[in-house]
Amino acid sequence: MTESSDAHLMEHRIKSEVVHQGSFLQLRLDTVRLPHGGEATREYVVHPGAVVVIGLLDDSKVLLERQFRYPVGQVMTEFPAGKLDAGETPLFCAQRELLEETGYRAREWAYAGPLHLAIGYSTEVIHVFFARGLTAGERHLDADEFLDVCSMTPEQLLDGVRTGQVTDAKTLSCCVWLQNVQSGAWQLEWKAI
């Protein structure tokens, strides 16, 4: 599929306004020209991007976290993740977040690909990484960060997805990667770091 074949679907920005500027998120309101020539508005969040890490432990379990997520008012089970800092590469961010949140370092890393989390209202792209050869160490949580580190077998994680106990979108998407990598259907290019 080529971009030229999608021309009849494209919207073009006419004007853009910053509605709110937060510490790292920005809310924009754009006026766009629609494919048929009409106009519409689009509200969306500008996000700096993020990473998520599928940590493969030596005992065949995966590394997870449980933390309270204020917007939904629940403690969520999810893969370690975090936002990119200005000028930071996705790999460096993944290494930093894994260490800060879990205390683990990885000997090998593999980039799986990008994940667009909420395409209807956010620019956020989450870069999916796998990590293996994990060694435990000391966590370095931010002052306002409170989370528990845990592990599950892939089967336990998938059962949590099936029963509605694991509902985080990035973790659900990562489960597709995990299943396909573990089955051998999808290959990763591992690099020693």
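Worth saying up front: this structure is predicted, and the values here are computed from it rather than measured.

1. Looking at the UniProt feature "domain: Nudix hydrolase" (unreviewed entry) in the chain
In the UniProt entry, the feature "domain: Nudix hydrolase" (unreviewed entry) is given for residues 47-179. The span residues 47-179 shows a helical share of 25% and a strand share of 39%, and its end C-alpha atoms are spaced 28 Å apart.

2. As for the domain arrangement of the chain
The domains assigned to the chain are domain 1 (7-46) and domain 2 (50-184). For domain 1 versus domain 2, the distance between C-alpha centres works out to 30 Å. Listed by partner, the interface residues are five residues for domain 1 and five residues for domain 2. Each partner contributes to the roughly 360 Å² buried at the junction of domain 1 and domain 2, and carbon and sulfur atoms together form 64% of this total. Per-residue buried area on domain 1 facing domain 2 is highest for Phe24, Tyr44 and Val45; these three make up 77% of the total on that side. The tally of links from domain 1 across to domain 2 stands at zero salt bridges. Where domain 1 touches domain 2, the interface holds two residue pairs in polar contact (both at pLDDT 80 or more).

3. Concerning the pattern of salt bridges
Under the definition given, this model contains 13 salt bridges. One salt bridge connects Arg96 with Glu100, and the closest N-O pair in it is separated by 3.3 Å. Of this pair, Arg96 and Glu100 are both found in helix α1 (residues 90-102), four residues apart, which corresponds to roughly one turn of the helix. Of the charged contacts in the structure, one is a salt bridge between Lys170 and Asp168, with a shortest N-O distance of 2.9 Å.

4. Some remarks on the sheet that holds strand β3 (residues 39-46)
Spatially, three strands are ordered β1-β2-β3 in an open sheet, and the strand pairing comes out antiparallel. Looking at the sheet topology across the chains shown, the edges are occupied by β1 (12-21) and β3. Ignoring which end each strand starts from, the neighbouring axes of this sheet average 20° apart. Note: strand β2 (residues 26-33) against β3, eight bridges, orientation antiparallel.

5. A few points about the nonpolar core
Grouped together as the largest cluster of nonpolar side chains are 22 residues, with contacts concentrated most on Ile54, Phe79, Phe130 and Leu157. Secondary structure elements with two or more residues in this core: β4 (50-56), β5 (62-69), β8 (105-116), β9 (125-135) and α3 (169-183). Among all residues touching Ile54, those that are not within four sequence positions of it are Phe79, Val128, Phe129, Phe130, Ala131, Cys174, Trp177 and Leu178. Residues Leu57, Cys93, Leu98 and Ala106 belong to the second largest nonpolar core, which totals 14 residues.

6. Section: helix α2 (residues 154-162)
Listed in full, the buried residues belonging to α2 are Pro154, Leu157 and Gly160. The arc enclosing the buried residues of α2, seen along the axis, measures out at 120°, which places them on a common side. The outward face of α2, more than 90 degrees from its buried face, is lined by the exposed residues Glu155 and Arg162. Summarising the contacts, the buried residues of α2 are in contact with β5, β10 (147-152) and α3. One or two residues past the end of α2 sits Gly164, with phi positive at roughly 85°.

Rules and cut-offs
- Residues numbered from 1 in each chain as written.
- Predicted model: local features only at pLDDT ≥ 70, side-chain atom pairs only at ≥ 80, totals over all residues.
- Heavy atoms only, no water.
- UniProt positions renumbered as here; feature names shortened; annotations may be inferred.
- Helix = DSSP H or I, 4+ residues; strand = E, 2+ residues; numbered from the N terminus.
- Domains from an automatic or database assignment.
- Contact = heavy atoms within 4.5 Å.
- Buried area = accessible area lost by both parts, 1.4 Å probe.
- Salt bridge = Lys/Arg side-chain N within 4 Å of Asp/Glu carboxyl O.
- Polar contact = N/O pair within 3.5 Å; in protein donor to acceptor, adjacent residues only side chain to side chain.
- Pairing = 2+ DSSP bridges.
- Axes fitted to C-alpha atoms, helices over the stretch in contact; angles between N-to-C directions.
- Core = buried A, V, L, I, M, F, W, Y, C linked by side-chain atoms within 4.5 Å.
- Buried < 20%, exposed > 50% of the residue type's maximum accessible area, 1.4 Å probe, protein only.
- Arc of directions from axis to C-beta.

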